[in-house]
Amino acid sequence: MATVKAIFNEYESMDGKQVSLSGWVRNHRPQKAFGFINLNDGSFFETIQVVYEEALENFETIKKINIGSALNITGKVVLTPNRNQPFEIKAEAVEIEGESNEDYPMQPKRHSREFLRKNAHLRPRTNLFTAVFRVRSILTHAIHTFFEERDFVHLASPIITASDAEGAGEMFKVTTLKPQDFKKDAPFQDDFFGKATNLTVSGQLQAEIFAQAFRNVYTFGPTFRAEASHTSTHASEFWMVEPEMAFCDLAEDMDNAEAFVRFLVKRILEKAPHEIDFLNKFVDKGLRAKLEKVIEADFVRMTHAKAVAVLKDANVTFENTPDPLGDLASEHEKYLVKHFDGPVFVTDWPKDTKAFYMRLNDDEKTVAAMDLIVPGSGELIGGSQREERLDVLKKRMKEMNVSEDELWWYLDLRKYGTTKHAGYGLGFDRMLMYVTGVANIRDVIPFPRTPNNCEF
RNA sequence: GCCUCAGUAGCUCAGCUGGUUAGAGCACUUGACUGUUAAUCAAGGGGUCCUAGGUUCGAAUCCUAGUUGAGGCGCCA
């Protein structure tokens, strides 16, 4: 069985060669004595044009084939240098593997993203989602390749956790109890794990454990947030890449993050040129230029204090006043990436805006944190140097109401050969938004989970 | 969670200052067409105008509530 991809690669030497193909009809234009079928077999972004003529014994049946039908085709490759496509397949046999009903919802025309979300079982067959999900697959492999080439050890951090200490957002409860089984005083005593358990919001704390053994490690897996977020960059279930490096400070952490983002972009440009062309043409006209610039230019790095100063100097009225002690609003992030025309690292954040484990700077007011903000996807990476000093860590946990008892093992790491170390979390789906130019996270996840939406 | 906007044919949308039987393009069905490229041309079928209530002689159109979706904000990746 030939594939469309293989034929596209070798058609010049295949004139007159017989091939067998199977795939799905993307478009069909029958005429009186012949017709054209655009077939996609899943191997390649492009469709292949199949021509069939009256001489075929089931010609009248073929003429009635609907879009979406699955076909088996035998025919000859014919070079057609003077037509819109360099070659086509002249059919010798067209067999219908699976018919498509006349009410097939996907038409050869533009559909709204909302409609396609409601038809998540059919949208992978559209050009846009063919491109997006192939890029998603390539991006997944590229992540493993980047770390594997640098001798990082991959670990699968647990999806069910007992700790809810991280404060990264609301968590989903995991329980086998029925509502009436919860006891008032000790609700989870009789539960499956004998304690309250949740779906993970981050694998970082477990990655820190492995980093103190393997030095450089990463996790890559699903994470869950039960926040009622209604935005284009939030999902209830999403994937995160979380490297963790021992003997590493914040600057080296950023070096790694920058190299990582650059590597991923480069890989996508190499491995998915047709998909990027399509996305550049129909989704985001500046996409290719933007990606090429990311490969070349160094990312801007500035402290939070400097960023606030830049915002104060800006000749723009913000709804939220830039606050040297506060978080950046998304309008601020948008201004910064536009102003610097590319990704921006913001470092050394006010300690009250960040999590307990981030390393306290010598000024005792800021922590060694970094966010990488990018156009379109907002905060793509959040990371920090971790607090390795036991006494300081304990003090921060007390200040922020984090239970020492629950995280005894995390504190143990600071007793037995503690090292300076750092890491970050990269939102995989946001990275995919960034490299595809797709504006909504629901359109880069095969079956997105958001508040009130768990179909499919 | 807060704010704003929207819901009319399978899809994309027009109609909305109230007024006969609710329209277009695409899709679908039938027919025409000897090279189409989201083919073209002709005809036909297809509607709980989101739901409930209200105002009115009369509501797709105005009002109220609900519901679903989208966008923005907050939270973060």
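Residues numbered from 1 in each chain as written. Chains lettered and ligands numbered in written order. Predicted model: local features only at pLDDT ≥ 70, side-chain atom pairs only at ≥ 80, totals over all residues. Heavy atoms only, no water.

**Student:** Please clarify how the overall build of chain A should be interpreted in this entry.
**Tutor:** Scanning chain A for helices and strands turns up 13 helices and 16 strands. When the backbone C-alpha atoms are referred to their principal axes, chain A occupies close to 85 × 60 × 45 Å. Going through the 456 residues of chain A one by one, you find that 50% of them count as buried. Relative to all contacts within chain A whose residues are 6 or more apart in sequence, the contacts with residues 24 or more apart total 67%. Within the structure as shown, chain A displays about 22800 Å² of accessible surface, and the carbon and sulfur contribution to it stands at 49%. Side-chain charges of chain A comprise 57 positive and 69 negative groups, with the mean position of each set lying 3 Å from the other. (Helix = DSSP H or I, 4+ residues; strand = E, 2+ residues; numbered from the N terminus. Buried < 20%, exposed > 50% of the residue type's maximum accessible area, 1.4 Å probe, protein only. Contact = heavy atoms within 4.5 Å. Areas by Shrake-Rupley, 256 points an atom, 1.4 Å probe, with all protein chains shown as cover. Lys, Arg positive; Asp, Glu negative; His and termini not counted. Charge placed at Lys NZ, Arg CZ, Asp CG, Glu CD.)

**Student:** What's the story with the sheet that holds strand β12 (residues 300–303) in this structure? I'm lost.
**Tutor:** Across a sheet, paired strands are connected by hydrogen bonds in the backbone, their directions being either parallel or antiparallel. Within the open sheet, the 8 strands sit side by side as β6-β10-β11-β16-β15-β14-β13-β12. Their pairing is mixed. Both edges of this open sheet fall to β6 (153–154) and β12, since each of them pairs with a single strand only. As paired elements, strand β13 (residues 344–350) and strand β14 (residues 366–374) share 6 bridges and run antiparallel to each other. Bridge assignment links Pro350 to a residue of β14, and that residue is Thr366. Its contacts with the sheet place helix α4 (residues 127–149) against β6, β10 (216–224), β11 (237–246) and β16 (421–427), and it is angled at close to 150 degrees to β10. (Pairing = 2+ DSSP bridges. Axes fitted to C-alpha atoms, helices over the stretch in contact; angles between N-to-C directions.)

**Student:** Any chance you could explain the sheet that holds strand β9 (residues 197–199) here in plain terms?
**Tutor:** Taken together, the 3 strands give an open sheet; going across it, the order is β7-β9-β8, and neighbouring strands pair in antiparallel fashion. With one partner strand each, in any of the chains shown, β7 (160–161) and β8 (173–174) form the two edges of the open sheet. Sheet topology places β8 next to β9; 2 bridges connect them, and they run antiparallel. Bridge assignment links Lys173 to a residue of β9, and that residue is Asn198.

**Student:** Mind showing me how you'd approach the packing of helix α8 (residues 287–296) against helix α13 (residues 428–436) here?
**Tutor:** When two helices pack together, their arrangement is given by the angle between the helix axes and the distance between those axes. For the pair α8 and α13, interaxial distance at closest approach is 8 Å and the crossing angle is 115 degrees. In this structure, α8 contributes Leu287, Lys290, Leu291 and Val294 to the contact, and α13 contributes Tyr434, Val435 and Thr436. Here the contact of α8 with α13 is composed, by residue class, of 5 nonpolar, 1 polar and 1 charged. (Nonpolar A, V, L, I, M, F, W, Y, C, P; charged D, E, K, R; others polar.)

**Student:** Sorry if this is basic, but what is going on with helix α7 (residues 273–282) here?
**Tutor:** Because each turn of an α-helix spans 3.6 residues, side chains separated by three or four positions in sequence point in the same direction. When we look at burial in α7, the residues that qualify are Glu275, Ile276, Phe278, Leu279 and Asn280. If you follow the buried residues of α7, they end up packed against α4, α6 (250–271), α8 and α13.

**Student:** I tried to follow the protein's contact with RNA strand B on my own but got confused; where do I start?
**Tutor:** Close contacts around RNA strand B come from 49 residues, with Asn27, Glu88, Lys109, His234 and Arg430 the closest. Within 4 Å of the protein, atoms of RNA strand B come from sugar and phosphate in 51% of cases. Of all the elements in the fold, those that place two or more residues in the surface near RNA strand B are β1 (18–30), β2 (34–40), α3 (113–118), β11, α10 (330–340), β15 (378–385) and β16. Among the elements that make up the surface near RNA strand B, the one with the highest residue count is β15 (4 residues). (Near = heavy atom within 4 Å.)

**Student:** Teacher, can you tell me more about the environment of Gln31 here?
**Tutor:** Counting through the fold element by element, Gln31 comes out in the loop between β1 and β2. A C-alpha to C-alpha distance of 43 Å links Gln31 and Tyr434, two positions 403 residues apart in sequence.

**Student:** What is the right way to look at unusual backbone geometry in this model?
**Tutor:** Backbone geometry places Arg215, a non-glycine residue, at a positive phi of 75 degrees. Here Arg215 is to be found in the loop between α5 (204–214) and β10. You will see that Phe247, though not glycine, has its phi angle at about 55 degrees, which is positive. Tracing the backbone shows Phe247 in the loop between β11 and α6.

**Student:** What is the right way to read the environment of Met397 from this model?
**Tutor:** When you line up the elements, Met397 lands in helix α11 (residues 390–399). Residues Met397 and Glu227 lie 170 residues apart in sequence; the distance between their C-alpha atoms is 23 Å.

**Student:** Would you mind showing me how to read the pairing of strand β4 (residues 70–79) here?
**Tutor:** Consecutive residues of a regular strand have side chains that alternate between opposite faces of the sheet. Here β1 pairs with β4 via 7 bridges, running antiparallel. When the bridges of β4 are listed, Gly23 appears paired with Leu71. As paired elements, β4 and strand β5 (residues 87–98) share 10 bridges and run antiparallel to each other. Residue pairing in the sheet places Ile73 in a bridge with Val94 of β5.

**Student:** Just checking my understanding: could you explain the packing of aromatic side chains for this structure?
**Tutor:** Pairs of aromatic rings are described using the distance from one ring centre to the other and the angle between the two planes. Applying the stated criterion to the full structure yields 25 aromatic pairs. Ring geometry for Phe34 against Phe36: centres 5.8 Å apart, planes inclined by 80 degrees, an arrangement best described as edge-to-face. Judged by relative accessible area, which is 30%, Phe34 ranks as partly exposed. Summarising the aromatic geometry, the rings of Phe318 and Tyr335 are spaced 5.7 Å apart at their centres and angled 85 degrees between planes, so their arrangement reads as edge-to-face. With Phe318 in the loop between α9 (304–313) and α10 and Tyr335 in helix α10, this pair connects stretches of sequence that are 17 residues apart. Both residues of the pair, Phe318 and Tyr335, belong to the buried class. (Phe/Tyr/Trp six-rings, centres within 6.5 Å; stacked < 30°, edge-to-face > 60°.)

So far we have only geometry, and geometry alone does not tell us how the molecule works.
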